[in-house]
Amino acid sequence: MRLKLQITGIVQGVGFRPFVFRLAKTAGLKGYVLNDPDGVLIEVEGEKKKLDEFLIRIDKEKPEIAKIYSLQHTFIEEAGYKEFRIKKSVEQGDKRAVVLPDISVCEECLADITNPKDRRFIYPFTNCTNCGPRFTIIKSLPYDRKNTSMRDFRVCPECDREYHSASDRRFHAQPNACHVCGPWISLYDSGGNVICTKEDALEKTVNLLRKGNIIAVKGIGGYHLACDAANEEAVKRLRKKKDREEKPMAVMFPDINYIKAETLINDLEERAISSIEKPIVIVRKRETFSLARSVSPDKSTVGVFLPCTPLHYLILHKLKKPVVATSANISGEPVVKDEKDAFARLPDIADYVLAYNREIVRRCDDSVVRVIAERQTPVRRSRGFAPLPVIIPFSFKKPVLALGPDMNNTIAVGIDNKVFLSQHIGDLDTPLAMEFYEETINDFLELFDIDPGIVVSDMHPGYYSTKFGVRHFSDKLVKVQHHFAHILSCMTENEVPEDTGVIGFAFDGTGYGPDKTLWGGEVLIASYKGFKRAYHLRPYRLPGGDKAVKEPCRTAFSLLYETIGDEAGENDYIPLTKEEKSFFIKMIKENINSPATTSMGRLFDGVASIIGLRHKVSYHAQTAMELEQLALRSDETGSYPFSIEQNIIGHRPVIEMIINDLKAKVPNEIIAKKFHNTIVKMIIFIAELLRKETGISHVALSGGVFQNSILLENAYRRLRERGYTPLIHQLVPTNDGGISLGQAVYSRFL
Ligand code: ZN
Ligand code: ZN
Ligand code: FE
């Protein structure tokens, strides 16, 4: 494999390249290191295990004065380097200032705030040149204090001295602050009345958490709702108040050892948790997991992370216990970022509000990653990563704005060989979300000083994002098919050369097809220039359309009906009344509000409902996640048959055999596992057909369905065993959060 690292920070003129050279040489890795205008670019090749070790050691053993502000990495195909060398620096290139993401608090600042003799002892806004807020405090460029939300705070003489002293760690640290001159915290009751401030507020917050209260805590890019993660009652109350009955909530721990005591983590997961970005990492619970069950009910996994700001660090270290820290928003709306908003929107949820008097200029939710197939795969790319660019293997002819899709939205702007992806915006289905969406578009165009020559949207005529494009950019708008955009984004981050074709498996919940039906189980033969729909799932009907997304039992009934006909009206696999069943039959037969779909995501929903796992959902991809969890409990290797007729993949035999298994009382986890195995087998089988036909051996796996670890890991491994080059996501999410990258790239090859 080849490991590619793109590092920003103080990595030039500090002995970083010789350090990398030695590290690569001792490990016997080939490749290069070079300085580029933004930092350092490294490529090393060798065995995957050695590359993992290299990745971990970069951070642990780097020269003491080197500082890493961000580190994006991907494992991609070998380039065949013969030796390791230090390449000549890339001097010129884009002088566009890199807007850094928010950088988690550094070790030295932590030492300051825990040292009673230091003047910043327990000061929650301590930062230095190497750490602290960036993206969320910048109002405009250049990055000077007067252009940030620190402008409101007049520096004290001490801080000013540090700022002007070249030998000080805080030399030119724009948000530099201390007890005397910087922002401070205040604790409020839910009515907005101040209870106490500063140290007292910190002490009191910790005490209130200990007593089981729910506290809205102002973080770096928005508020969290926090409560004691070991207090079942408190967590339950938070769930109920947030109207979030089942969706797992993330837990912030005081330190890595505490995480190790509660969860089973491997080296790459530990690296991800401790990395400068401090994302939420989805990991396996230990059998002895001692926190509240309702943190992630009925799940073998939990999202964990470490404090990323001094404020969080201080709270956790005084409390000495993990806390649930979930985004403070009301179902589907953007996260709360202002005090005004907090008191207006949160009083029924939070018992208290811990705020501070520095403005959050833009929202930025926590990032979420998961290690699958021994790679860090993003579920949500936001704090710590946004707005870092994804470097692409070619250059745009004109600047592009990509509008993203309507679910899990991110937008992107592309210029030269860079695509700047926005922070997570979310689903565009509430007025507040739409407002945040439009703000972010204006924000990015301004921040990166881009006047787009072309604008790209999804094809879906009903999407808010498409309509936005039509309304504001009709003269330069082009539309790209959803699943093609998925595959393009996967190709780009894997640096597929311009003249290379791929077999693309785009499996997700839904996307608009050029034939005006809902696609989602698609196999494309694609290049950057275009695609052909080579295979797809057999279309089936969704009685009630969108309603079927929330009620998988509708999809289940449709699948049963097309498999066993009227008998579906008789049996009782799914809890529907006789009337409902005959109503659905009528809807399907007479095509009343029952759109046809080829969705793989819905097929997962339907199967989950048929086996009785879940008939109604409360959040995106819930059934798919639960089916995966169930399947993880089985080591079954068998699978179900499927059919291929012309270019249609038939799932009827799958449903038929599942019914047989149910009749034979085969345990659910075995059925779930066999179903997963079936999809993997399907991928391999179709890849073989297409490789024979076209000679293409690059296989891109993209779309939300590939967040499933069983599918992704097994498909990846088996493709590799058979000599394919499987391509998976490591820089942007495989779900719709990565679509904007594909959209931007689409504009380059028109
Ligand atoms: Zn620092
Ligand atoms: Zn000061
Ligand atoms: Fe999608």
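Residues numbered from 1 in each chain as written. Chains lettered and ligands numbered in written order. Predicted model: local features only at pLDDT ≥ 70, side-chain atom pairs only at ≥ 80, totals over all residues. Heavy atoms only, no water.

Chemist: How should I be thinking about the coordination of the zinc ion (ligand 1) in this particular structure?
Modeler: Six octahedrally arranged donors around a metal ideally form angles of 90 or 180 degrees; four tetrahedrally arranged donors ideally form angles of 109.5 degrees. Around the zinc ion (ligand 1), the protein supplies Cys 106 (SG), Cys 109 (SG), Cys 128 (SG) and Cys 131 (SG) as donor atoms, at distances of 2.3 to 2.4 Å. For the zinc ion (ligand 1), the four donor atoms in the first shell make angles of 104 to 119° at the metal, so the coordination geometry reads as tetrahedral. Written as a sequence motif, the donor arrangement for the zinc ion (ligand 1) is C-x2-C-x18-C-x2-C. Within this pair, whereas Cys 109 is found in helix H3 (residues 107-113), its partner Cys 128 is found in the loop between H3 and helix H4 (157-164), the two being separated by 19 residues in sequence. Given a relative accessible area of 1%, Cys 109 falls into the buried group. Relative accessible area serves as the criterion here: at 0%, Cys 128 is assigned to the buried category. (Donors = N, O, S within 2.8 Å, 3.2 Å for Na, K, Ca; no water. Tetrahedral: all angles 85-135°; square planar, octahedral: opposite > 155°, others 65-115°. Helix = DSSP H or I, 4+ residues; strand = E, 2+ residues; numbered from the N terminus. Buried < 20%, exposed > 50% of the residue type's maximum accessible area, 1.4 Å probe, protein only.)

Chemist: Which parts of the structure should I look at to understand the domain arrangement of the protein chain?
Modeler: Interface size, as often reported, equals the accessible area lost upon joining of the parts. The assigned domain composition of the protein chain is domain 1 (2-86), domain 2 (185-356), domain 3 (385-534 + 733-748) and domain 4 (537-696). Spacing between the C-alpha centres of domain 1 and domain 2 amounts to 34 Å. In this assembly, nine residues from domain 1 lie in contact with five residues from domain 2. Together, the buried faces of domain 1 and domain 2 total about 630 Å²; carbon and sulfur atoms form 60% of this surface. Counting the contacts that link domain 1 with domain 2 gives zero salt bridges. Counting across the interface, domain 1 meets domain 2 through one residue pair in polar contact (both at pLDDT 80 or more). Broken down by element, the side of domain 1 that touches domain 2 gets its largest block of residues, five residues, from strand E4 (residues 67-76). (Domains from an automatic or database assignment. Contact = heavy atoms within 4.5 Å. Buried area = accessible area lost by both parts, 1.4 Å probe. Salt bridge = Lys/Arg side-chain N within 4 Å of Asp/Glu carboxyl O. Polar contact = N/O pair within 3.5 Å; in protein donor to acceptor, adjacent residues only side chain to side chain.)

Chemist: What is the right way to look at empty space enclosed by the protein in this model?
Modeler: Regions of empty space are outlined by a rolling probe, equal in size to a water molecule, passed over the atoms. Overall, the coordinates contain eleven cavities of 30 Å³ or more when judged by the stated rule. Taken as a whole, the largest cavity encloses approximately 200 Å³ of empty space. Along the walls of the largest cavity sit 24 residues, with Pro 133, Ile 220, Thr 309, Pro 310 and Arg 358 positioned nearest its centre. By residue class, the composition of the lining of the largest cavity is twelve nonpolar, seven polar and five charged. In this structure, the second largest cavity encloses a volume near 130 Å³. Surrounding the second largest cavity, 16 residues form its lining, Gln 376, Pro 378, Phe 385, Gln 730 and Leu 731 being those nearest its centre. Those elements that place two or more of their residues in the lining of the second largest cavity are E4, strand E16 (368-372) and strand E17 (375-380). With four residues, E17 is the largest single contributor of residues to the lining of the second largest cavity. (1 Å grid on protein atoms, 1.4 Å probe; cavity = no way out; pocket = protein on both sides within 12 Å on 5 of 7 lines; lining within 4 Å. Points joined across faces, edges and corners; volume = space filled by probe spheres on them. Nonpolar A, V, L, I, M, F, W, Y, C, P; charged D, E, K, R; others polar.)

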